[in-house]
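Working through the structure, step by step
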Amino acid sequence: MRRSLVATAAVAALALAGCTNGGNSGTTTTPTSGAVSPETVAYMDKVCGAASEFAKVEKTAPKLDAGDSAKLKAEMAAYMGQLADAFTKSAEGLKNVGPSPVAGGDEAVTKMAETFTSLGTVFTDAKTKVEQADANNATGGLQAAGEAIAKLSELADPLRDLQGVPELQKATQTAPKCQEMQRLNLTPTS
């Protein structure tokens with residue numbers, strides 16, 4: 001079980017690097033109206049910049065060959081802490097992007113921030129459980145880490161909350177930081 005959870009953590013690190021795009025699952029739908037305003041594109045550039053902050057935080061998944069359970073426990077706790085910090089940083093950034101120039105934008109970005117905040121809390125709690133686990137029998141802590149990593153599916157499309165705001169969706173097509181998020185998905189890094 002320990003090996004499978006650590007393998008899951010390593011896969012999650014790759015998935016985390018790859019899930020930072022707008023995901024072509026709804027965020028690239030083009031509304032039927034005309035071009036979006038430069039203000040909307042600038043706003044979405046801030047939103048995508050804040051949302052992608054979690055991809056920039058250093059995250060080092062525990063190594064699969066960590067045979068020492070105390071070392072594995074320490075590495076997994078550090079990894080959970082790195083993920084918690086990354087999601088918290090993105091949540092704070094989203095809370096500070098300013099008012100949306102289009103109706104519904106504030107609500108969508110608030111929902112995004114809540115998702116990131118929730119994930120930060122999940123990883124903070126997992127870190128605590130890993131730290132409290134017995135180093136000689138770290139299964140309980142590793143199980144908590146595995147459950148936290150499974151929550152990453154909530155972020156498969158970090159911009160999914162924009163689906164109800166066509167102007168913001170359209171702005172993701174030209175906002176430089178949104179385009180950068182899409183490129184990150186095409187060439188994931190570990």
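Some words on the environment of Val-102
- Considering the arrangement of structural elements, one finds Val-102 in the loop between helix H4 (69-95) and helix H5 (105-132).
- Spatially, the C-alpha atom of Val-102 lies 9.3 Å from that of Glu-39, the residues being 63 residues apart in sequence.

What to know about the packing of helix H2 (residues 38-51) against H5
- Put simply, H2 and H5 touch, their axes get as near as 11 Å, and they point 5° apart. The pairing of H2 with H5 is recorded here as roughly parallel in orientation. Together, Tyr-43, Val-47 and Ala-51 of H2 and Gly-105, Asp-106, Val-109, Met-112 and Phe-116 of H5 make up the contact between the two elements.
- Residues of the contact of H2 with H5, tallied by class, amount to 6 nonpolar, 1 polar and 1 charged.

Here's the deal with the nonpolar core
- Counting residues in hydrophobic clusters, the biggest one holds 45 residues, and the most contacted among them are Met-44, Val-47, Met-80, Phe-87, Leu-94 and Phe-123.
- Elements represented by at least two residues in this core include exactly H2, H4, H5, helix H6 (139-150), helix H7 (166-171) and helix H8 (176-186).
- With 11 residues, H4 is the largest single contributor of residues to this core.

Here we look at H5
- Here H5 spans 41 Å end to end across 28 residues, near enough to the 40 Å set by a 1.5 Å rise per residue.
- Within the span of H5, buried status applies to Gly-105, Ala-108, Val-109, Met-112, Ala-113, Thr-115, Phe-116, Leu-119, Gly-120, Phe-123, Ala-126 and Val-130.

So, the side chain of Ser-100
- Inspection of the secondary structure assignment puts Ser-100 in the loop between H4 and H5.
- Among the polar contacts listed, one links the side chain of Ser-100 to the backbone oxygen of Val-102, at a separation of 2.9 Å.
- In contact with Ser-100, not counting residues within four places along its chain, are Tyr-43, Gly-105, Asp-106 and Leu-168.

Brief notes about the state of the cysteines
- Counting across every chain of the model gives 1 disulfide.
- Each sulfur in the disulfide pair Cys-48 and Cys-178 lies 1.9 Å from the other. Across the S-S bond linking Cys-48 and Cys-178, the dihedral sits near 85°, which makes this disulfide right-handed. Within this pair, whereas Cys-48 is found in helix H2, its partner Cys-178 is found in helix H8, the two being separated by 130 residues in sequence. The same class applies to Cys-48 and to Cys-178, which are both buried.

Some points on the pattern of salt bridges
- Summed over all chains, the structure comprises 4 salt bridges.
- Salt-bridge contacts for Glu-75 lead to Lys-71; the nearest nitrogen and oxygen are separated by 3.9 Å. Of this pair, Glu-75 and Lys-71 both sit in helix H4, 4 residues apart, which is roughly one turn of that helix.
- Judged by relative accessible area, which is 22%, Glu-75 ranks as partly exposed.
- A residue is classified by how much of its surface remains accessible, and Lys-71, at 46% relative accessible area, is partly exposed.
- Put simply, Lys-127 and Glu-131 hold a salt bridge, and the shortest N to O gap is 2.8 Å. Of the two residues, Lys-127 and Glu-131 are both situated in helix H5; the distance of 4 residues between them amounts to about one turn of the helix.
- The class of Glu-131 is partly exposed, set by a relative accessible area of 41%.

Rules behind the numbers
Residues numbered from 1 in each chain as written. Predicted model: local features only at pLDDT ≥ 70, side-chain atom pairs only at ≥ 80, totals over all residues. Heavy atoms only, no water. Helix = DSSP H or I, 4+ residues; strand = E, 2+ residues; numbered from the N terminus. Axes fitted to C-alpha atoms, helices over the stretch in contact; angles between N-to-C directions. Parallel < 35°, antiparallel > 145°, perpendicular 65-115°, else oblique. Contact = heavy atoms within 4.5 Å. Nonpolar A, V, L, I, M, F, W, Y, C, P; charged D, E, K, R; others polar. Core = buried A, V, L, I, M, F, W, Y, C linked by side-chain atoms within 4.5 Å. Buried < 20%, exposed > 50% of the residue type's maximum accessible area, 1.4 Å probe, protein only. Expected span 1.5 Å × (residues − 1). Polar contact = N/O pair within 3.5 Å; in protein donor to acceptor, adjacent residues only side chain to side chain. Disulfide = S-S within 2.5 Å. Salt bridge = Lys/Arg side-chain N within 4 Å of Asp/Glu carboxyl O.

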